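Reading the structure
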Amino acid sequence: MDERAPKKALITGITGQDGSYLTEFLLSKGYEVHGIIRRSSNFNTQRLDHIYIDPHNSSARMKLHYGDLSDASSLRKWMDTIRPDEVYNLGAQSHVGVSFENPDYTADVVATGALRLLEAVRTHIVTTGRQIRYYQAGSSEMYGATPPPQDENTMFHPRSPYAVSKVAAHWYTVNYREAYGLFACNGILFNHESPRRGENFVTRKITRAVGRIKIGLQKTLFLGNLKASRDWGFAGDYVEAMWLMLQQEKPDDYVVATEESHTVEEFLEEAFGYVGLNWKDHVQIDPRYFRPSEVDNLRGSASKAKQKLGWKPKVGFKELVAMMVEADLEKAQREKVLVEHGYIDSHQQP
Ligand code: NDP
Ligand code: GDR
């Protein structure tokens, strides 16, 4: 490789929450960033709009390509065309609840998709003699029913089709490392949130509702299990850990977590309290949101990442909730203008 040429990263899931933060992070490190996006009947690149530069402009360092984790030929083609130095596999049907509704699809994209991508990396290395480092987006959901604290040696006991698929992807990654000597790492990331979090994950669903209720666009928020406890961090902090894993001498697996856990109810308390509201006046339980098998309690132990990667979270629980509520209050204010002028319907609720 030309020493002066920028490093190239290939990201699946670039249009998602983590993909957008990772892209910003890698661009700030001087990388050229290539993202696989899937074809959709509507544009789905909103999280990247603020960093998008038309590719006809020679200063564009983020490039998007159509592909899909369910399409091995597209993965192999882009691997050979882009010739990346690092591959980050963030693409997934990432909603645990939805994975019970769409189990085959979830397995195809999350488990077999990771295998397809690893195979594209492996065959590219064999045919070109180049090196590629691979990151697999693993999840604390893999621990499922195993009680906290959870670290790299804790047994997996997945509780959803999503989590079972992530366990398969985890072991495919370990297997490619052991069988073919691939520089492949599993990041076992606990929940991480942000103002860019998808609106049907519980934290964002709550902060969206807080903004809308505060401003009079909504009265009620329907939720499922409020007793579940999660180790919630900030997505912007977590993408740095992904990159750090690929900069080490040897490939390995790491837990990334804040080491602090809160229930959904505590999140409600903090988010509604932040704007002077009582969540009990607005929340109703809808059994539709209960899962056939639930994960009760996740709290990670991130000592290995702290010691070996020198990583630690910068944003704590209260700051995270405040950041998300502030952003969603602003969004609700913009929404209100559109409602008042008849451009959108205020009854639509995420
Ligand atoms: P998001 O749901 O925000 O993003 C998922 C991304 O995957 C989107 O870009 C989506 O594209 C893409 N995608 C979906 N299906 C396919 C497919 N068939 N082929 C290619 N790409 C596809 O997830 P996050 O950013 O929150 O998470 C990133 C990764 O980390 C995921 O693998 C998730 O499972 C994992 N993870 C997330 C955690 C979290 O707390 N956020 C914790 C632990 C792991 P589109 O925009 O078109 O839908
Ligand atoms: P999770 O996140 O399943 O941990 O997966 P989610 O925010 O969906 O659920 C967290 C907890 O909240 C409970 N809950 C609800 N969840 C949703 N989505 N909607 C509700 O109305 C609701 N009411 C209560 C859930 O039952 C659960 O216990 C996330 C995803 O990002 C995964 O991709 C990732 O791997 C894990 O985090 C770590």
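Thresholds applied
Residues numbered from 1 in each chain as written. Chains lettered and ligands numbered in written order. Predicted model: local features only at pLDDT ≥ 70, side-chain atom pairs only at ≥ 80, totals over all residues. Heavy atoms only, no water. Domains from an automatic or database assignment. Contact = heavy atoms within 4.5 Å. Buried area = accessible area lost by both parts, 1.4 Å probe. Salt bridge = Lys/Arg side-chain N within 4 Å of Asp/Glu carboxyl O. Polar contact = N/O pair within 3.5 Å; in protein donor to acceptor, adjacent residues only side chain to side chain. Helix = DSSP H or I, 4+ residues; strand = E, 2+ residues; numbered from the N terminus. Patch = residues over 30% accessible without salt bridge, like charges linked within 9 Å, V, L, I, M, F, W, Y side chains within 5 Å. Areas by Shrake-Rupley, 256 points an atom, 1.4 Å probe, with all protein chains shown as cover. Buried < 20%, exposed > 50% of the residue type's maximum accessible area, 1.4 Å probe, protein only. Axes fitted to C-alpha atoms, helices over the stretch in contact; angles between N-to-C directions. Parallel < 35°, antiparallel > 145°, perpendicular 65-115°, else oblique. Left-handed = near helix turned anticlockwise from the far one by under 90°. Nonpolar A, V, L, I, M, F, W, Y, C, P; charged D, E, K, R; others polar. Near = heavy atom within 4 Å. UniProt positions renumbered as here; feature names shortened; annotations may be inferred. Pairing = 2+ DSSP bridges. Right-handed = clockwise from strand over helix to strand, strands pointing away.

Observations concerning the domain arrangement of the protein
In terms of domains, the protein is made up of domain 1 (8-194 + 232-256) and domain 2 (202-229 + 261-296 + 316-340). In this complex, domain 1 contributes twelve residues to the contact, which on the side of domain 2 involves 16 residues. Carbon and sulfur atoms make up 68% of the area that domain 1 and domain 2 hide from each other, which totals about 1200 Å². Looking at the side of domain 1 facing domain 2, the largest losses of area belong to Phe100, Arg159 and Trp232, adding up to 53% of the total buried there. Inspection of the region where domain 1 meets domain 2 yields zero salt bridges. Connecting domain 1 to domain 2 are three residue pairs in polar contact (both at pLDDT 80 or more). If you tally residues by element for the side of domain 1 that touches domain 2, the top one is helix 3 (residues 96-101), at three residues.

Examining a nonpolar patch on the surface
Together, Leu338, Tyr343 and Ile344 give the surface a local cluster of nonpolar side chains, amounting to about 310 Å² of exposed area. Within the element layout of this structure, Tyr343 appears in the segment after helix 10 (317-340). Residue classification places Tyr343 among the exposed residues on the basis of a relative accessible area of 64%.

Looking at the packing of helix 4 (residues 103-128) against helix 5 (residues 161-180)
It is at 8 Å that the axes of helix 4 and helix 5 come closest, and there the two elements cross at 15°. Considered as vectors, helix 4 and helix 5 are oriented roughly parallel to each other. Crossing hand, helix 4 versus helix 5: right-handed. Where helix 4 abuts helix 5, its residues Pro103, Thr106, Ala107, Val110, Ala111, Ala114, Leu115, Leu118, Glu119 and Arg122 lie against Pro161, Tyr162, Ser165, Lys166, Ala168, Ala169, Tyr172, Thr173, Tyr176 and Tyr180. Split by residue class, the contact of helix 4 with helix 5 holds 14 nonpolar, three polar and three charged.

Let's talk about the site of ligand 1
Residues in close proximity to ligand 1 total 26 residues, the closest being Thr15, Asn44, Asp68, Ser94 and Tyr162. In this structure, Gln17 approaches ligand 1 through a main-chain N or O atom, which is 3.1 Å from an oxygen atom. Ala92 has a polar backbone atom sitting 3.1 Å from an oxygen atom of ligand 1. Isolated, ligand 1 exposes 890 Å² of accessible area, and the fraction of that covered by the protein chains is 90%.

Here we look at the UniProt feature "domain: NAD(P)-binding" (unreviewed entry) in the protein
Within this structure's numbering, the places UniProt gives as "domain: NAD(P)-binding" (unreviewed entry) are residues 10-324. Here residues 10-324 runs as 40% helix and 16% strand, with 28 Å between its end C-alpha atoms.

Considering the site of ligand 2
Of all residues adjacent to ligand 2, which total 23 residues, the nearest are Ser94, Ser139, Tyr162, Arg291 and Glu294. A distance of 2.9 Å separates an oxygen atom of ligand 2 from a polar side-chain atom of Arg197. Protein chains shield 96% of the accessible area of ligand 2, which is 700 Å² for the free molecule. Elements supplying a minimum of two residues to the shell around ligand 2: helix 6 (202-214) and strand 8 (221-223). For the shell around ligand 2, a count of residues per class yields nine nonpolar, eight polar and six charged.

What to know about the pairing of strand 1 (residues 8-12)
Within strand 1, four of the five residues are buried, leaving the element largely enclosed by the surrounding structure. Pairing of strand 1 with strand 2 (residues 32-37), which is carried by five bridges, proceeds in the parallel orientation. Across the sheet, Leu10 pairs through a bridge with His34, a residue of strand 2. A crossover links strand 1 with its parallel partner strand 2, the connecting element being helix 1 (residues 17-28), and its sense is right-handed.

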